[in-house]
Amino acid sequence: MSYRSTTLRAGGPALLTARFRTLTMIGLTVATIVAMALVPRIQQDEAYHHFADQRSLLGIANFMNVASNLPFLLTGIAGLLFVNRKSSLASDTFLHRFERWPYIVFFFGVMLTCFGSAYYHLSPNTERLMWDRLPMSIAFMSLLAAVITERINLRAGVVLLAPLVIIGVSSVIYWHLGEQRGNGDLRPYILVQFYSLVAIVLTAIMFPSRYTKGGALLVTCGVYALAKVIELLDVQILSIGGIVSGHSIKHIVAAIAVYWVLRMLKQRTPAANAGLARGESVVSS
């Protein structure tokens, strides 16, 4: 039996399975987009801007909701410093130098979230909400690109980085322009924010990472989901002692989710499987 036929027999089923999983993800994504398109237009609820904690301090309106964005700035800067320093580029944090680009964009988006969210919370209204959502869409989509890079296809993840970020930003601009015309539609942004997280979780479950500590992504998404639950309990949490509201805590918990990504990058090493760790993709290019 030739070496080539032996390789095909050994690698064929695994490769076929990887392709099947990839097609499954693509099919699920298309199905989700179609399903969302069939849902009636979703407009921004003006009641969203009525946060429980409206106290001012040091001349700053809604002080706690503004100040609680500081952790985004700190984690964003810490992440940018780490992925750009020579030690991380020379270590096993990134097997290929260009793998750091999705994370650079991710941490940059997180850093901008501090300013965008603080600007919005100074005077919450639909017009300002765009500046809160723009940097978040950048962070969501760049993290998705990073996961694709490390788990599905190295080249595809890097190539998709710019288109995914453009899609995220466009979803916010589309909604914002619609609001100005009186027919705002949140459906694309909802897909960007929530389905990107679903896609990250499913990809983390279905595809092995080329690095250790891959389970940290599930922790990150879980912590962010917790932040969203806390956000819904804005009034109830403030009523407990009247110290801090759910929305302010949500900012801090979401920043912890970002920190978990940074923690993963600092602690990870190439996977034990040398072929998977050094290979360019899980799925044949």
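Everything numeric in this text was worked out from a predicted model, so none of it was measured. (Residues numbered from 1 in each chain as written. Predicted model: local features only at pLDDT ≥ 70, side-chain atom pairs only at ≥ 80, totals over all residues. Heavy atoms only, no water.)

Asker: Would you take a moment to explain the environment of phenylalanine 107 for this structure?
Answerer: For phenylalanine 107, the location among the structural elements is in helix 5 (residues 100-122). Not counting residues up to four positions away in its chain, the partners in contact with phenylalanine 107 are Thr75, Gly76, Gly79, Leu80, Val83, Val258, Val261, Leu262 and Leu265. (Helix = DSSP H or I, 4+ residues; strand = E, 2+ residues; numbered from the N terminus. Contact = heavy atoms within 4.5 Å.)

Asker: I tried to follow helix 6 (residues 126-151) on my own but got confused; where do I start?
Answerer: Residue pairs three or four apart in sequence face the same way in an α-helix, which turns once every 3.6 residues. Taking 1.5 Å of rise per residue, 26 residues should cover 38 Å, and helix 6 covers 37 Å from first to last C-alpha, within 8% of that figure. Of all 26 residues that make up helix 6, 24 are buried, and the element is covered over most of its length. Near the N-terminus of helix 6, the side chain that reaches the backbone nitrogen of glutamate 127, with its oxygen 3.1 Å away, is that of asparagine 125. (Expected span 1.5 Å × (residues − 1). Buried < 20%, exposed > 50% of the residue type's maximum accessible area, 1.4 Å probe, protein only. Polar contact = N/O pair within 3.5 Å; in protein donor to acceptor, adjacent residues only side chain to side chain.)

Asker: Looking at this model, I keep getting lost on the environment of alanine 156. Mind explaining?
Answerer: Looking at the element boundaries, alanine 156 is found in helix 7 (residues 154-181). The class for alanine 156 is partly exposed, based on a relative accessible area of 27%.

Asker: Got a minute to help me understand the packing of aromatic side chains in this structure?
Answerer: Two numbers describe a pair of aromatic rings. These are the distance of the centres and the angle of the planes. Taken as a whole and assessed by the stated rule, the structure comprises 6 aromatic pairs. For the pair phenylalanine 51 and tyrosine 120, a centre-to-centre distance of 6.0 Å together with 85° between the ring planes defines the contact as edge-to-face. Of the two residues, phenylalanine 51 sits in the loop between helix 1 (3-38) and helix 2 (63-67) while tyrosine 120 sits in helix 5, which places them 69 residues apart along the sequence. Like tyrosine 120, phenylalanine 51 is buried. Over the face of the ring belonging to tryptophan 101 we find arginine 100, whose NZ or CZ atom lies 5.3 Å from the ring centre. Here the basic side chain of arginine 133 rests over the ring of tyrosine 48, its NZ or CZ set 5.9 Å away from the ring centre. (Phe/Tyr/Trp six-rings, centres within 6.5 Å; stacked < 30°, edge-to-face > 60°. Lys NZ or Arg CZ within 6 Å of the ring centre and 35° of its normal.)

Asker: Teacher, can you tell me more about a nonpolar patch on the surface here?
Answerer: Among the surface-exposed residues, Leu23, Ile26, Val30, Val34 and Leu38 lie close enough to one another that they form a single nonpolar patch of about 510 Å² accessible area. Inspection of the secondary structure assignment puts valine 34 in helix 1. A relative accessible area of 46% places valine 34 in the partly exposed class. (Patch = residues over 30% accessible without salt bridge, like charges linked within 9 Å, V, L, I, M, F, W, Y side chains within 5 Å. Areas by Shrake-Rupley, 256 points an atom, 1.4 Å probe, with all protein chains shown as cover. Salt bridge = Lys/Arg side-chain N within 4 Å of Asp/Glu carboxyl O.)

Asker: What is the right way to look at the environment of alanine 204 in this model?
Answerer: By secondary structure assignment, the location of alanine 204 is in helix 8 (residues 187-206). By relative accessible area, which is 13% here, alanine 204 ends up buried. Measuring from C-alpha to C-alpha, the distance between alanine 204 and valine 147 comes to 7.6 Å, with 57 residues separating the pair along the chain. Here alanine 204 is in contact with Arg151 and Leu218, once residues within four sequence places are set aside.

Asker: How should I be thinking about the packing of helix 6 against helix 7 in this particular structure?
Answerer: In a packed pair of helices, the relevant descriptors are the angle between the two axes and the axis-to-axis distance. For the pair helix 6 and helix 7, the least separation of the axes is 8 Å and the interaxial angle reads 160°. Here helix 6 is positioned roughly antiparallel relative to helix 7, judged by the angle of their axes. Here helix 6 runs over helix 7; the crossing is right-handed. Grouping the amino acids of the contact of helix 6 with helix 7 by side-chain chemistry returns 20 nonpolar, 8 polar and 3 charged. (Axes fitted to C-alpha atoms, helices over the stretch in contact; angles between N-to-C directions. Parallel < 35°, antiparallel > 145°, perpendicular 65-115°, else oblique. Left-handed = near helix turned anticlockwise from the far one by under 90°. Nonpolar A, V, L, I, M, F, W, Y, C, P; charged D, E, K, R; others polar.)

Asker: What am I meant to see in the layout of surface pockets here?
Answerer: If a probe as big as a water molecule is rolled over the atoms, it shows which places are left empty. The calculated volume of the largest pocket comes to roughly 640 Å³. Forming the boundary of the largest pocket are 25 residues, of which Thr29, Leu144, Ile148, Leu160 and Leu164 lie nearest the centre. In the lining of the largest pocket, the residues fall into 18 nonpolar, 7 polar and no charged. Contributing to the lining of the second largest pocket are 22 residues, with Tyr48, Arg133, Tyr189, Gln193 and Lys228 lying nearest its centre. Considered class by class, the residues forming the lining of the second largest pocket number 8 nonpolar, 8 polar and 6 charged. (1 Å grid on protein atoms, 1.4 Å probe; cavity = no way out; pocket = protein on both sides within 12 Å on 5 of 7 lines; lining within 4 Å. Points joined across faces, edges and corners; volume = space filled by probe spheres on them.)

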